[in-house]
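Spelled out, the chains give:
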Amino acid sequence: MIKNLVIVESPAKARTIEKFLGKEYLVMSSMGHVVDLKKKDLGVDIEHDFEPQYEVSPDKKKIVADLRKSSKGAKTVWLATDEDREGEAISWHLANQLKISDEKTKRIVFHEITKSAIDRAISNPRNIDINLVNAQQARRVLDRLVGFELSPLLWKKVKPALSAGRVQSVAVRLIVEREEEINNFKISSSYRVIADFEIEKKESTHQVRAELPKRFKTKKEAVEFLEKCRGSEFKIENIETRPAKKSPAPPFTTSTLQQEASRKLGFSVDNTMRIAQNLYESGKITYMRTDSVNLSNLAISMAKKEIEKSYGKDYVKTRKFATKSKGAQEAHEAIRPTFMENKNIKGREQEQKLYDLIWKRTIASQMSEALLEKTNIDISVSQSKEKFVAKGEIIKFDGFLKVYFESTDEESQEEKAGVLPPLELGDQLNMKEIQASERFTQHPPRYSEASLVKKMEELGIGRPSTYAPTISTIQRREYVVKEDRKGEPRSYKQMTLKNDDIKEELKKENSGFEKGKLFPTDIGTLVNKFLMEYFDDILDYNFTASVEKEFDEIAEGRKEWNQIIKEFYGPFHDKIEETTEKTKKFSGERLLGKDPETGKNVYAKIGRYGPMIQIGDTDSEEKPRFAGLKKNQSIGTISLEEALELFKFPRSIGEYEGEELTVNIGRFGPYVRHKNAFYSIKKEDPSNVDRERAIEIIEEKRKQADQNTIREFKERPDVKVLKGRYGPYIKIDKKNFKIPKGEDPEKLSLEDCIRISEDPKNAPKKRFRKKK
DNA sequence: CAGTGAGCGAGCTTCCGCTTGACTT
């Protein structure tokens, strides 16, 4: 019999802790929450003070049963879930589910997984803090009420299967509004002047590059200035040198890790988290879902030792960082290597890269500041009041820069300041060339996944465990798409003064190139418009912050959670009812003009299945005609001509193998149809697909299918052994069957296939209903 | 996986936050 049962949230944590505690302790994990509001219906009893209707989550039934069994025999059950609102609630639900007496239940917390922290926790147990639990219940119930009343309203008014919520709807709003800003952005240009000088010093020639701080609004002004430069003398008028310091960034939180991995390694938020999870489970890094920048004393002393060993004492400067982000709960340490002496790890390439980033960032955070010397040199122009400025930067002591430099989102136009030659006051410079180039203002950047996470964190919306899932949700609902945009060529004017001559050129550059940025779709834009019109309070950027304040008051025992929810729900529910009754379908309908053939109205709108064009009015006697939009078309921008073009489908484009070939646009995009089979048109515009190209597409797919076929049987053409994304499988008619281990897919006979298909172990699992 | 969109009506969809495997074709 076990004396002590310790329950934590994560199995990897359980394994670590078990090592610290002796044989008298059994450590198990709950795998997060085990109880939630019931899945079906609202799950909240509105009539009775918003009583939550809880159930053990289906996938946690076994875990709860196992925990119950182990807890029965234990003398003491230690609830060691995280020290935050959710963790407290998990402990409370566990206590309720395990049905253990209060006397043998103890609640303990630790924020770092070290022997001393755990020992300290064990000797300082407390009871479950019911106020904190109530704050969690309020949070949970509020999110359910908002999500499960707003979403059905969208199904009625906009389109089925949509969703809305406190977090995701604000994330969508950010992206929609950024796009509006971009659309309203007026590009302007100005002229930037850069001069290249030369100077002889100590028998060698040095180059000096300087920029005019002022930019000229017009070409005329820029040329006038170049005229003045012609024949001017350039003299060093002022040299200013000042010391500067650079400090390292704090260690990683979930959000900053996602941002840096995106900028430096090009990882998606989702990928970063998956890799970090692997590193965590193999014991290489600490927990990866955290909002804390704090390092344990143990970690700091390990870092110190490592820095001393690798770089010397001068490079050590330990620090404690304080969390600045809103609503941080700091239940864990910052993300860091478990053992600082492991500079490298074995593993997959991506794991090594991410680990390297974490190692460097952590080590750098405990290193000395970099000491710099910044120099500004003013260069006068004898025939003008303007002055050129040359900037230099010398690193006197590299400090943390030896290992790590934080990157930024902004791709700046500024050139990096370098080392300046030894110049003195009064020196004359020889002008080699002065260039005035037209530069354009840039619209605000679209969000990437990582910069959206950064913004969400700033607003206090979402938690480390939900950033990645939220970003997936808004893409899965097709509110937002992640896309690349090819840049477009743009010309700019450039005037060059060289050898006393001013030359003007028209140059080309690429502008607007974007990779992996988030764009709102028509549906995202429309849903946002609807919610902003009727539920702007929920979409308010401060909504979460203000309810969090209320949750804090509940946690402090100063307010009743049911009361807080009641005050919110009353007006919210009224608004839901009112909107349900008083508003019509919200389709974003836009009248494009009249169909020249029939004279009927042509509309662009959102229909049951997404963006479409409608010819004819809904209430007219004749049924309107419909056509779906192509990818990259939008109801906001499509022209009447483009809209009418869509009605030219399905197009018959000839015959092949004695059967008709048609091109059409369906639910999953454009396709070629031939002999009852569908072939997706992925690359080109379906309007341009002719017979020849269609045959190519068909043959390509057939070839692909051929290569993926391992076995075929003449007597039963519906039975095949195929090679899929996840390895070989058997296909019979339209059902797929797993091939058990030990069977060689290359050698399966028809009888083998049928035998395998009849074994219930290999039966196709019920498909998880997941709409893409 | 595939040709819809109004309307008829049944039955479905949906939230956020805490955790991992099981699973996909």
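Described below are features of the structure shown in this document.

Criteria and cut-off values
- Residues numbered from 1 in each chain as written.
- Chains lettered and ligands numbered in written order.
- Predicted model: local features only at pLDDT ≥ 70, side-chain atom pairs only at ≥ 80, totals over all residues.
- Heavy atoms only, no water.
- Helix = DSSP H or I, 4+ residues; strand = E, 2+ residues; numbered from the N terminus.
- Contact = heavy atoms within 4.5 Å.
- Areas by Shrake-Rupley, 256 points an atom, 1.4 Å probe, with all protein chains shown as cover.
- Lys, Arg positive; Asp, Glu negative; His and termini not counted.
- Charge placed at Lys NZ, Arg CZ, Asp CG, Glu CD.
- Axes fitted to C-alpha atoms, helices over the stretch in contact; angles between N-to-C directions.
- Parallel < 35°, antiparallel > 145°, perpendicular 65-115°, else oblique.
- Nonpolar A, V, L, I, M, F, W, Y, C, P; charged D, E, K, R; others polar.
- Salt bridge = Lys/Arg side-chain N within 4 Å of Asp/Glu carboxyl O.
- Buried < 20%, exposed > 50% of the residue type's maximum accessible area, 1.4 Å probe, protein only.
- Pairing = 2+ DSSP bridges.
- Core = buried A, V, L, I, M, F, W, Y, C linked by side-chain atoms within 4.5 Å.
- Right-handed = clockwise from strand over helix to strand, strands pointing away.
- Expected span 1.5 Å × (residues − 1).
- Bend = angle between axes of the 7 residues up to and from the residue.

Here we look at the overall build of chain A
- Looking only at helices and strands, chain A features 20 helices and 30 strands.
- Its C-alpha atoms give chain A principal-axis dimensions of about 90 × 85 × 65 Å.
- Considering only contacts in chain A between residues 6 or more positions apart, those separated by 24 or more positions represent 68%.
- By element, 48% of the accessible surface of chain A is carried by carbon and sulfur atoms, the whole surface being about 42600 Å².
- Between the centroid of the 146 positive side chains of chain A and the centroid of its 130 negative side chains there is a distance of 4 Å.

Re the packing of helix 9 (residues 269-281) against helix 11 (residues 349-365)
- The contact between helix 9 and helix 11 brings their axes to 10 Å, and the two run at 85 degrees. Accordingly, the angle class assigned to the pair helix 9 and helix 11 is roughly perpendicular. When helix 9 is examined against helix 11, the residues Asn271, Thr272, Ile275, Ala276, Asn278 and Leu279 are found in contact with a partner set consisting of Gln350, Glu351, Leu354 and Tyr355.
- Considered class by class, the residues forming the contact of helix 9 with helix 11 number five nonpolar, four polar and one charged.

A closer look at the pattern of salt bridges
- One pass over the full model with this rule turns up 61 salt bridges.
- Between Arg485 and Glu483 there is a salt bridge whose closest N-O contact spans 3.3 Å.
- Using a relative accessible area of 35% as the deciding quantity, one classes Arg485 as partly exposed.
- Connected via shared salt-bridge partners are Glu550, Glu553, Glu556, Arg558 and Lys559.

Considerations on unusual backbone geometry
- Here the amide bond leading from Phe649 into Pro650 is cis, since omega sits at -5 degrees, within 30 degrees of zero.
- One non-glycine residue, Asp49, adopts positive backbone phi at about 55 degrees.
- Non-glycine residue Glu657 carries a positive phi angle of around 50 degrees.
- In this fold, Glu657 is placed in the loop between strand 23 (651-656) and strand 24 (659-666).

Some words on the sheet that holds strand 27 (residues 709-712)
- Pairing is antiparallel in the open sheet, where four strands are placed in the order 27-28-29-30. This sheet does not close on itself; its edge strands, each paired only once, are strand 27 and strand 30 (735-738). When strand polarity is set aside, the average angle formed by the axes of neighbouring strands in this sheet is 25 degrees.
- Here strand 28 (residues 719-724) runs beside strand 29 (residues 727-732); their pairing, made up of six bridges, is antiparallel. Opposite Lys723, over in strand 29, you have Pro728 as the bridge partner.
- Lying over the sheet, helix 20 (residues 750-758) contacts strand 28, strand 29 and strand 30, oriented at roughly 90 degrees with respect to strand 29.

Some thoughts on the packing of helix 5 (residues 130-157) against helix 17 (residues 561-582)
- Packing of helix 5 against helix 17 leaves a shortest axis separation of 10 Å and a crossing angle of 5 degrees. Between helix 5 and helix 17, the angle falls in the class roughly parallel. Contact residues: Asn134, Gln137, Ala138, Val141, Leu142, Leu145, Val146, Glu149, Leu150, Leu153, Lys156 and Lys157 in helix 5; Trp561, Ile565, Phe568, Tyr569, Phe572, His573, Ile576, Thr579 and Thr580 in helix 17.

What to know about the nonpolar core
- Within the largest apolar cluster, 126 residues are counted, with the highest numbers of intra-cluster contacts made by Leu354, Leu452, Ile613 and Val672.
- Looking at which element gives the most residues to this core, the answer is helix 5, with nine residues.
- Not counting residues within four places of it along the chain, the set of residues in contact with Val672 comprises Leu661, Thr662, Val663, Ala677, Phe678, Tyr679, Ile681, Val689, Ala694, Ile697 and Ile698.
- Ranked by size, the runner-up nonpolar core spans 27 residues in total, among them Ile199, Leu212, Ile236 and Leu497.

Observations regarding the pairing of strand 1 (residues 4-8)
- The element strand 1 is extensively covered by neighbouring structure, given that five of its five residues are classed as buried.
- Neither face of strand 1 is open: one carries Asn4, Val6 and Val8, the other Leu5 and Ile7, and all of them are buried.
- As defined by bridge partners, strand 1 adjoins strand 7 (residues 76-79) across four bridges and the pair is classed as parallel. Note on strand 7: the bridge partner recorded for Leu5 is Val77.
- One ladder, built from five bridges, connects strand 1 with strand 2 (residues 25-29); its direction is parallel. Within strand 2, the position partnered with Asn4 by the bridge is Tyr25.
- For the crossover that starts at strand 1, traverses helix 1 (residues 11-20) and ends in the parallel strand 2, the hand is right-handed.

Thoughts on the sheet that holds strand 23
- Within the open sheet, the four strands sit side by side as 23-24-25-26. Their pairing is antiparallel. What marks the edges here is a single partner per strand, and that holds for strand 23 and strand 26 (677-680). In this sheet, neighbouring strand axes are inclined to one another by 30 degrees on average, regardless of whether the strands run parallel or antiparallel.
- One ladder, built from four bridges, connects strand 25 (residues 669-674) with strand 26; its direction is antiparallel. If you follow Val672 over to strand 26, its bridge partner there is Tyr679.
- Relative to the sheet, helix 19 (residues 691-707) contacts strand 23, strand 24, strand 25 and strand 26, its axis offset from that of strand 23 by approximately 65 degrees.

Here's the deal with helix 17
- Counted at 1.5 Å a residue, the expected span for helix 17 with its 22 residues is 32 Å, and the 32 Å between its end C-alpha atoms agrees.
- Along helix 17, the sharpest kink reaches roughly 30 degrees, centred on Tyr569 and followed within four residues by the proline Pro571.
- For helix 17, the full list of buried residues reads Trp561, Asn562, Ile564, Ile565, Phe568, Tyr569, Phe572, Ile576 and Thr579.
- Where helix 17 is buried, its residues contact strand 5 (51-52), helix 5, helix 14 (522-534), helix 15 (536-539) and helix 16 (543-555).

Thoughts on helix 12 (residues 449-459)
- Burial within helix 12 is extensive, with eight of its 11 residues counted as buried.
- Summarising the contacts, the buried residues of helix 12 are in contact with helix 6 (168-184), helix 8 (254-265), helix 9, helix 13 (467-476), strand 15 (480-485) and strand 18 (514-520).

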